[in-house]
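Residue-level structural notes
For reference, the chains in residue letters:
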Amino acid sequence: MINYNKVTTMQINQLAITNFGIYYGRNEFVFGNKKGRANIILIGGENGTGKTTFLSAIKLALYGPLFLGYKSANAKYIDFIKDKINIYSRAEGNKMAGVEIDFTLYNNGEPENYHIIRQWELTKETVKEHLQISRNGISLTDNQIEEFYHFLRRNLPPSLFDFLFFDGERVQQYVLDSQFEQNVKEAFMTLFNLDLFDTLKEDLLKYLKQDNIFTSLTQEQKEYTQIEYDLRNQENVIRNLEKRIAELKEQAKDVQVKIQELEREFSNKGGMIARERETLNEQVFLMEQEKKQITEKIKETAAELLPFLITQKLLQQTVTQIDAEERVERYNTLKEELNNETLPLLFKELSRHFRITDLDGREATSSFTEAMKEKLFQSMKPVGVNFDRFQFIHRMNSEQKQAIRDLFKQVRHFDGKLVDEWFARIQHLTDEIYTVKKRIEHSLTDESLKDIVNKLNEYTRLHEQIKYEIEANTTKLFEAQKFYQELMTKKEKVQKRIRQARKDENIFELCQKLSRVLSRYQEEQVKKYLGTVERYFLQMFNSLMRKGQFLNSFRIDPQTFEITMLNYSNKPVFKHSLSAGETQLFFLSLLWALLKASKRQIPFVLDTLFGRLDRTHKENLIQKYLPVVANQVIILSTNTEVDEYYYNQMKPYIQREFSLHYDRNSNRVRINDYYFFQKVRI
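Since we're looking at a predicted model, the values are computed, not measured. Here the residue index of a chain counts from 1 through its sequence in written order. Since the coordinates come from a predicted model, pLDDT governs what is reported: local features require at least 70, and pairs of side-chain atoms require 80 or more to be given and counted, while whole-chain, interface and lining totals use all residues. Side-chain calculation: all heavy atoms of the structure are included, whereas hydrogens and water are not.

**Considerations on the overall build of the protein**
We apply this condition: Going along the chain from the N terminus, every DSSP run of H or I of four or more residues is numbered as a helix, and every run of E of two or more is numbered as a strand. Only C-alpha atoms enter the radius of gyration, while the globule expectation follows 2.2 Å times N to the 0.38, with N the number of residues. Contact criterion: two residues are considered in contact whenever any of their non-hydrogen atoms come within 4.5 Å of each other. Note on areas: Shrake-Rupley, 1.4 Å probe, and residue coverage restricted to the protein chains presented here. Counted charges follow a simple rule, with Lys and Arg positive, Asp and Glu negative, and His plus the chain ends left uncounted. Taken as the charge location is NZ of Lys, CZ of Arg, CG of Asp or CD of Glu.
Along its length, the protein carries 21 helices and 15 strands. The C-alpha radius of gyration computed for the protein amounts to 36 Å, which surpasses the reference 26 Å derived for 682 residues by more than 25%, pointing to a less compact arrangement than a globule. Each principal axis of the C-alpha distribution contributes one length, and for the protein these read about 135 × 75 × 60 Å. Restricting to contacts in the protein with at least 6 residues of sequence separation, those with at least 24 account for 72%. Carbon and sulfur atoms make up 49% of the accessible area of the protein, which totals about 38,500 Å². In the protein, 101 positive and 96 negative side-chain charges are present, and the distance between their average locations comes to 3 Å.

So this is what it looks like as structure tokens:
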């Protein structure tokens, strides 16, 4: 069995795309092996000929649902696949589509060949996925497939693949994004296997949480362990929310661009004033949101109160029983207290100052005490409780009792008229939405305007939904960060109590010591490897810059991964001050430094590589960067980006070349095994 932990090199050998996206029928790319210094796979094509689908096919073949961030083939993943199945294939009744990838993993220099076939079978209602994976020609069992994907998630997760995918059109926006440092950190920790220490620390927490271990801890140690566990979970929550907000903001920008383009088209062709239509669309969105909120209220009421409204008598009996238990418990506690020492001592003390006698004048302190106790207990006895037959049933704590009482109060005061009002409001909103939409439609004078407005309405609604989700997630993020700080404060207090207790060394202390050792070692390794990354970055960045020795210092903070740069005058250089071309070189240099320092060989994908660069920078990239950045570099380009001049400069480093052409007569992508300027078959 292969030792996945030692795999550091990956090479893609072949990709096949069948009836997926723009690719009709079976389409194959055969890359072959690296030839000498030739490491570039150049794929040329005009826009709309399948370059983006090519990249998606690689990621889908490797990751399946993980490509979209899902653990399994859920409904959203199935919908995504269904939309991507080639329309001409579906029209002719072909129910199969798929992607195949053949690649090699090198384990201590020894190659292991993998072949993944991921097929989708289209049925009337859904899509069924079929997966086959073979290693060196032998099919993997289900357990071996699970083991393989565990390795893939650990060593080459989709997030790392995306980080190593360079898109020249978006790189400046990506580098200046607030999540950039976090993305660099995640890529760094994965490439150098330093996230393994976090996994080990999580395993220690899980070990302490085991029942047989957890029960042996002191109360403070249990509390501390639970807080640590909650902190880990909360860190994941915060990280996921930050990522989601960043993704939504990117989506919002893209949708806004679409809206502006449609606005201009609509304005040019005439129609309702854009501002008026925008106001009406906003009204529609707000009314739809109110409908959604009211519907949720109705659902919550039905789920939370309806069962108890039906069993209201039983709930009332429960409250009565709880009250009786509470009164009996108080009575028993008071009776026990008075029966023991308190009452006899009280009368004994009083007998020093008062003389207690019976009707015949004889001393009667003892008999008076007993008679007083009997009368007192009788007067204190809860009314309406038959002590001979009474049994404790619930034995709830105070919080549970209060929850039941609050629930009973809600049920008693529930007004069915409120639900009627909610339904009436929904109907009113539905009518209003219909009226406003008709106003928008009636303002149109021809079918072309209607099409534009339909698209505008769709994108405007999508934009408002994205804004709504951003606001909701931002609120969640604020609450998550607040809760995280509360946990940290609580952790410090508990930690202080544990230190003050000075317990003998036990399994908890050993786990804490081990966790601290792992943290310190991880910190040292981060600093060590960051130093190497920083040195390689300076070397590459300064060699690519037209200005020569542009930077004197480049530092990455080992905690926050914030980047600090100084020029040769020791003045700060900020990311936002770099030009678009300089930002591309900055990011490319950082990618190379990370790969070089980690000694990892992973396929490197470059899209629109030369878009923002001048001639000198392009030549520097071709001569100094592309030959050394990775063993396999896949470049997606148009004929205007890598023109004949740059193609000839790149030619010595090209391993394989392709050009994509979409044939509108056959609705197929033709894959030529030559670039635009090379007509000789290789």
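Picking up where we left off.
**Topic: the packing of helix α19 (residues 580-598) against helix α20 (residues 615-629)**
For clarity, the threshold we go by: Whenever a helix is involved, its axis is fitted only over the stretch in contact; in every case the axis is a line through C-alpha atoms, and angles between N-to-C directions fall within 0 to 180 degrees. Relative orientations are named as follows: roughly parallel for angles under 35 degrees, roughly antiparallel for angles over 145 degrees, roughly perpendicular for angles from 65 to 115 degrees, and oblique for any other angle. Crossings are assigned a handedness: left-handed for a near helix turned anticlockwise from the far helix by less than a right angle, right-handed for a clockwise turn. Charged means Asp, Glu, Lys or Arg here, nonpolar means Ala, Val, Leu, Ile, Met, Phe, Trp, Tyr, Cys or Pro, and polar covers whatever is left, Gly included.
Running from N to C, α19 and α20 cross one another at 15°; their axes reach a closest spacing of 11 Å. Of the possible angle classes, the one that applies to α19 and α20 is roughly parallel. For the pair α19 and α20, the sense of crossing is left-handed. For the pair formed by α19 and α20, the contact residues are L585, L588, S589, L591, W592 and L595 on the first element and H617, L621, Y625, V628 and V629 on the second. When its residues are assigned to classes, the contact of α19 with α20 shows nine nonpolar, two polar and no charged.

**Focus: the sheet that holds strand β9 (residues 551-556)**
Two strands in a sheet stick together by hydrogen bonds in their backbones, pointing the same way (parallel) or opposite ways (antiparallel). The condition is simple: Any two strands are treated as partners once DSSP identifies two or more bridges connecting them.
What the three strands build is an open sheet, ordered β9-β10-β11; its pairing is antiparallel. On the outer flanks of this sheet lie β9 and β11 (572-573), each paired with one strand and no other. With two bridges connecting them, strand β10 (residues 563-567) and β11 associate as antiparallel partners. By the bridge assignment, L566 is partnered in β11 with P572.

**Side note on the nonpolar core**
The following threshold applies: To define a nonpolar core, start from buried Ala, Val, Leu, Ile, Met, Phe, Trp, Tyr and Cys residues and group those joined through side-chain atoms within 4.5 Å. Relative accessibility thresholds used throughout: buried, under 20% of the residue-type maximum; exposed, over 50%; partly exposed, between the two (1.4 Å probe, protein chains only).
Formed by 122 residues in total, the largest nonpolar core has its most connected members in F54, F148, F188, F586, Y625, L626 and M650. Judged by nonpolar contacts, the second largest core, of 23 residues, contains A252, I294, V419 and I440.

**Side note on the pairing of strand β6 (residues 127-135)**
Strand direction decides the pairing type here: strand β5 (residues 110-122) and β6, joined by nine bridges, are antiparallel. Paired with I116 across the bridge in β6 is I133. Counted along the chain from β5 to the antiparallel partner β6, the turn is four residues long. With two bridges joining them, β6 and strand β7 (residues 138-139) adopt antiparallel strand pairing. Directly across from S134, in β7, lies its bridge partner S139.

**Quick notes on helix α15 (residues 398-412)**
This is how it is decided: Under the convention used throughout, the expected extent of a helix is 1.5 Å for every residue step, that is, one less than its residue count. Note: the arc covers the axis-to-C-beta directions of the helix.
With 15 residues, α15 extends 21 Å from end C-alpha to end C-alpha; this agrees with the ideal 21 Å at 1.5 Å per step. Every buried residue of α15 is listed here: K401, I404, L407, F408 and V411. Buried residues of α15, viewed axially, fall in a sector of 125°; they line one side. The exposed residues of α15 that point more than 90 degrees off its buried face are S398, E399 and K409.

**A word on the sheet that holds strand β8 (residues 165-167)**
Taken together, six strands build an open sheet; the order of strands is β8-β12-β13-β3-β14-β15 and the sheet is mixed. Each edge of the open sheet is held by one strand with a lone partner, namely β8 and β15 (668-672). Recorded for the sheet is a direction-independent mean angle of 15° between the axes of neighbouring strands. Pairing of strand β12 (residues 604-607) with strand β13 (residues 633-637), which is carried by four bridges, proceeds in the parallel orientation. Paired with L606 across the strands is I635, a residue of β13.

**Re the packing of aromatic side chains**
Which entries qualify depends on this criterion: Pairs were defined over the aromatic rings of Phe, Tyr and Trp, the Trp ring being its six-membered one, requiring ring centres within 6.5 Å. Orientation was assigned from the angle between planes: stacked under 30 degrees, edge-to-face over 60, tilted for the rest.
This model, assessed by the stated rule, comprises 29 aromatic pairs. Here the aromatic rings of F148 and F151 are separated by 6.2 Å at their centres, their planes lie at 45°, and the arrangement is tilted. In this pair, F148 and F151 both sit in helix α4 (residues 142-155), three residues apart, roughly one turn of the helix. Residue F151 is classed as buried on the basis of its relative accessible area, which comes to 6%.

**Here's the deal with α19**
An ideal rise of 1.5 Å per residue puts 27 Å on 19 residues; α19 measures up with 27 Å between its terminal C-alpha atoms. Most of α19 sits out of view: 17 of its 19 residues are buried.

**A short note on the packing of helix α7 (residues 180-191) against α19**
Across the interface, α7 lies against α19 with an axial gap of 10 Å and an inter-helix angle of 20°. With respect to their mutual orientation, α7 and α19 come out roughly parallel. For α7 against α19, the interelement crossing comes out right-handed. Of the residues in α19, those touching α7 at F180, V184, F188 and L191 are F586, F587, L590, L594, L595 and S598.

**A closer look at a nonpolar patch on the surface**
Keep this limit in mind: Note on patches: the residues involved have over 30% relative accessible area and no salt bridge, like charges join within 9 Å, and the nonpolar side chains Val, Leu, Ile, Met, Phe, Trp and Tyr join within 5 Å. Criterion for a salt bridge: a side-chain nitrogen of Lys or Arg within 4 Å of a carboxyl oxygen of Asp or Glu.
A surface patch of nonpolar side chains, amounting to about 290 Å² of accessible area, comprises L346, L350 and F354. Along the chain, the position of F354 falls in the loop between α13 (312-350) and α14 (365-380). F354 sits in the exposed class, given a relative accessible area of 54%.

**A word on the pattern of salt bridges**
In total, this model carries 19 salt bridges according to the counting rule given. For R405, the salt bridge goes to E326, with nearest N and O atoms at 2.8 Å. Here R405 is found in helix α15, whereas its partner E326 is found in helix α13, with 79 residues between them in sequence. In this structure, the salt-bridge partner of E464 is K467, at a minimum N-O distance of 3.8 Å. With E464 and K467 both in helix α17 (residues 447-501), this residue pair falls three residues apart, about one helical turn. Judged by relative accessible area, which is 14%, E464 ranks as buried. Taken together, the shared-partner salt bridges connect D323, E326, R330 and R405 into one network.

**What about unusual backbone geometry?**
Within the chain, N136 stands out as a residue other than glycine whose phi angle is a positive 50°. The exposure class assigned to N136 is partly exposed, which follows from its relative accessible area of 44%. For T608, which is not glycine, the phi dihedral falls at a positive 55°. For T608, the position within the fold is in the loop between β12 and α20.

**With respect to the side chain of R600**
The condition is simple: Residues adjacent in sequence count toward polar contacts only when both atoms are side-chain atoms; beyond that, a polar contact is any pair of N or O atoms within 3.5 Å, and within protein one must be able to donate a hydrogen and the other to accept it.
Its location among the elements puts R600 in the loop between α19 and β12. Polar side-chain contacts of R600 include one of 2.9 Å to the backbone oxygen of L191.

**Some words on the pairing of β15**
On a regular strand, one side chain projects to one face of the sheet and the next to the other, so that they alternate. As judged from the five bridges shared by strand β14 (residues 654-663) and β15, these two strands associate in the antiparallel manner. The residue of β15 that forms the bridge with L660 is I671. In this structure, the hairpin formed by β14 and β15 is closed by a connection of four residues, where N667 is found at a positive phi of approximately 60°.

**Points about the side chain of N542**
Locating N542 in the fold gives a position in helix α18 (residues 507-544). Of the polar contacts made by the side chain of N542, one reaches the backbone nitrogen of L551; its length is 2.9 Å.

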